[in-house]
Amino acid sequence: MITVVTIIFLLALIFFIVRGKLLPGTVLAVLPIIAALAIGTGFTETLTMAHEGMIDTATVVCVYIFAVTYFSIMSDAGLFDPIINLLVKSKRFGKTIFSVVFAAAVIAMLSHLDGSGVTTLMITVPPMLIVFDKLKIRRTTLGAIFVLVTGTMNLLPWGGPVTRAATVINMDLMELYWKVFPVQMIGLVISFIFLYIISKREEKEGIFEAGSVQISMEVPEAEQKLRRPKLFWFNLIWTILLLVTLFVGLPPHLAFLIGNAVALPVNYRELKEQTKLIKRHAGDAMNNVYTILCAGVMIGIMENTGMFTALANAIVSVIPASWSGLVPTVMGLFSVPLSFILNTDGIIFGIMPIAVNVAAQYGVSAAKVAAMFCVGRVMAGALCMTTASVYLGLGMMGIEWKDAFKKVAGWAALGGVIMVLAASVLVA
């Protein structure tokens, strides 16, 4: 009975999330309650489980809110402007395709430190699109940057997959991230290698027209008013100190709380300015906070009712014993092609919990499985056909999804496979 209900629940969960008519958070909160009641769990007991699950996500939510706010403030203050200007004013810029691709990739990396894909697109695409068109560099190459580099950057603790995965396995967010971190670095290295190969191949086709090009990274007047160039060195040193504290063990939610408490009033003296900035970035943060808290409801109910364990036991019972050592890695690899179809919520909340419980039967840690699913997700996920932001990005670049898929999907799949295999070896 419990196994059948769990299967129906997971299928319904994926259906409603992919269909996109309801917020993922709503689906994650309501369906588990219905499933729990269906197997005979009392109403009061079900809500108690939901409450406990939400409480367990509190630290993850705090890290997400404070980290997104901090890096958004640094971006508004112009911390990354000098680096960006240095890249686009280099003498090499425009001489080769890779010189342009490299600059665009670094700009995308820096602008994605706040974990917001929309912010990255707004900062990077408009100026770079002009350069790509003028030098006759294919727009799909710009798309490759966002699939490979920005996708890998999304492994930041406040980027999406890691935040959700930590919620599912009830693990400290930064503890999981430090396990994923080496694989993220590998992902960034292979991303730039792939982009170099793509650039060289495109140059051989003879379409590219090398030449110097002037590019302006000027921001709108409203944004310019937020810049604090005189505080650049303070902001840089303060950010470095903040990141160092994460390595020495200070809880990240407290580190970023203190970071905001200092950076916000130093950069913006007026209370009205501080309030305006908090409201400015509240929308992006609130959407994910809603999802994470509702996911806590699902995890609290599904774990305490034994639903995931029952399903995992059923799966293990039909797997040959000779396959036992390969099952967790194969499931991680399977997340790569699935990520072209299912969005992050569908993969992390619908598929990964099953994999975690199955792997546990073979003595494989939940952190290892979570890491494989996260790293296998990010590159392919940047081309996910059921994620609205993918179409926003492609629309800004003037690229059809099918064209981007044809040119970049192979690289994304290869990168995902390499990262999953790396995680299977490096993550304990």
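Before any of the text, the structure's been laid out above.
To start, this report covers the structure provided alongside it. (Residues numbered from 1 in each chain as written. Predicted model: local features only at pLDDT ≥ 70, side-chain atom pairs only at ≥ 80, totals over all residues. Heavy atoms only, no water.)

Some points on the nonpolar core
- Counting residues in each nonpolar core, the largest one holds 148 residues, and the members touching the most others are Leu13, Met128, Phe132, Ile145, Leu176, Met298 and Met352.
- The dominant element in this core, judged by the number of residues it contributes, is helix 10 (residues 173-204), at 12 residues. (Core = buried A, V, L, I, M, F, W, Y, C linked by side-chain atoms within 4.5 Å. Buried < 20%, exposed > 50% of the residue type's maximum accessible area, 1.4 Å probe, protein only. Helix = DSSP H or I, 4+ residues; strand = E, 2+ residues; numbered from the N terminus.)

Points about unusual backbone geometry
- At Lys136, a residue that is not glycine, the phi angle is positive and equals roughly 60 degrees.
- Note on placement: Lys136 falls in the loop between helix 7 (117-134) and helix 8 (139-153).

Side note on the side chain of Ser335
- Its location among the elements puts Ser335 in helix 16 (residues 327-338).
- Polar side-chain contacts of Ser335 include one of 2.5 Å to the backbone oxygen of Gly332.
- Those residues in contact with Ser335 that sit more than four places away from it in its chain are Ile347, Met372, Phe373, Gly376 and Arg377. (Polar contact = N/O pair within 3.5 Å; in protein donor to acceptor, adjacent residues only side chain to side chain. Contact = heavy atoms within 4.5 Å.)

Looking at the pattern of salt bridges
- Going through the model one piece at a time under the given rule, you end up with 9 salt bridges.
- Between Arg228 and Glu273 there is a salt bridge; the shortest N-O distance is 3.2 Å. Within this pair, whereas Arg228 is found in the loop between helix 11 (221-224) and helix 12 (232-247), its partner Glu273 is found in helix 14 (residues 271-304), the two being separated by 45 residues in sequence.
- Residue classification places Arg228 among the buried residues on the basis of a relative accessible area of 17%.
- Among the charged side chains, a salt-bridge network with shared partners connects Asp76, Glu223 and Arg280. (Salt bridge = Lys/Arg side-chain N within 4 Å of Asp/Glu carboxyl O.)

A closer look at a nonpolar patch on the surface
- A cluster of nonpolar side chains, namely Ile240, Val244, Phe247 and Val248, defines an oily patch on the protein surface of about 410 Å² accessible area.
- Among the secondary structure elements, Val244 is positioned in helix 12. (Patch = residues over 30% accessible without salt bridge, like charges linked within 9 Å, V, L, I, M, F, W, Y side chains within 5 Å. Areas by Shrake-Rupley, 256 points an atom, 1.4 Å probe, with all protein chains shown as cover.)

Focus: the packing of aromatic side chains
- Within this structure, the stated rule accounts for 17 aromatic pairs.
- Centre to centre, the rings of Phe15 and Phe16 are 5.2 Å apart; their planes meet at 75 degrees, and the pair counts as edge-to-face.
- Judged by relative accessible area, Phe16 falls into the partly exposed class, the value being 30%.
- Judged by centre distance (5.3 Å) and plane angle (50 degrees), the ring pair of Tyr177 and Trp178 falls under tilted.
- Counting every residue linked through ring pairs, the aromatic cluster contains Tyr70, Phe71, Trp158 and Phe256. (Phe/Tyr/Trp six-rings, centres within 6.5 Å; stacked < 30°, edge-to-face > 60°.)

A look at the side chain of Gln184
- Within the secondary structure, Gln184 is located in helix 10.
- Given the relative accessible area of 1%, Gln184 is considered buried.

Some details on the packing of helix 6 (residues 97-111) against helix 8
- Relative to each other, helix 6 and helix 8 sit at 40 degrees, their axes nearing to 9 Å. If you check the angle between helix 6 and helix 8, you find them oblique. Crossing geometry of helix 6 relative to helix 8 is assigned as right-handed. Contacts from Val101, Ala104, Ala105, Ala108 and Met109 of helix 6 reach helix 8 at Thr141, Ile145, Val149, Thr150 and Met153.
- When its residues are assigned to classes, the contact of helix 6 with helix 8 shows 8 nonpolar, 2 polar and no charged. (Axes fitted to C-alpha atoms, helices over the stretch in contact; angles between N-to-C directions. Parallel < 35°, antiparallel > 145°, perpendicular 65-115°, else oblique. Left-handed = near helix turned anticlockwise from the far one by under 90°. Nonpolar A, V, L, I, M, F, W, Y, C, P; charged D, E, K, R; others polar.)

Description of helix 1 (residues 2-19)
- In this model, helix 1 (18 residues) spans 25 Å end to end at C-alpha, consistent with the 26 Å of a helix rising 1.5 Å per residue.
- Within helix 1 the residues assigned to the buried category are Val5, Thr6, Phe9, Leu10, Leu13, Ile14 and Ile17. The buried residues of helix 1 occupy one face: seen down the axis, they fall within an arc of 165 degrees. Turned more than 90 degrees away from the buried face of helix 1 sit Ile8 and Leu11, all of them exposed.
- Looking one or two places after helix 1, you find Gly20, whose phi comes out positive at around 75 degrees. (Expected span 1.5 Å × (residues − 1). Arc of directions from axis to C-beta.)

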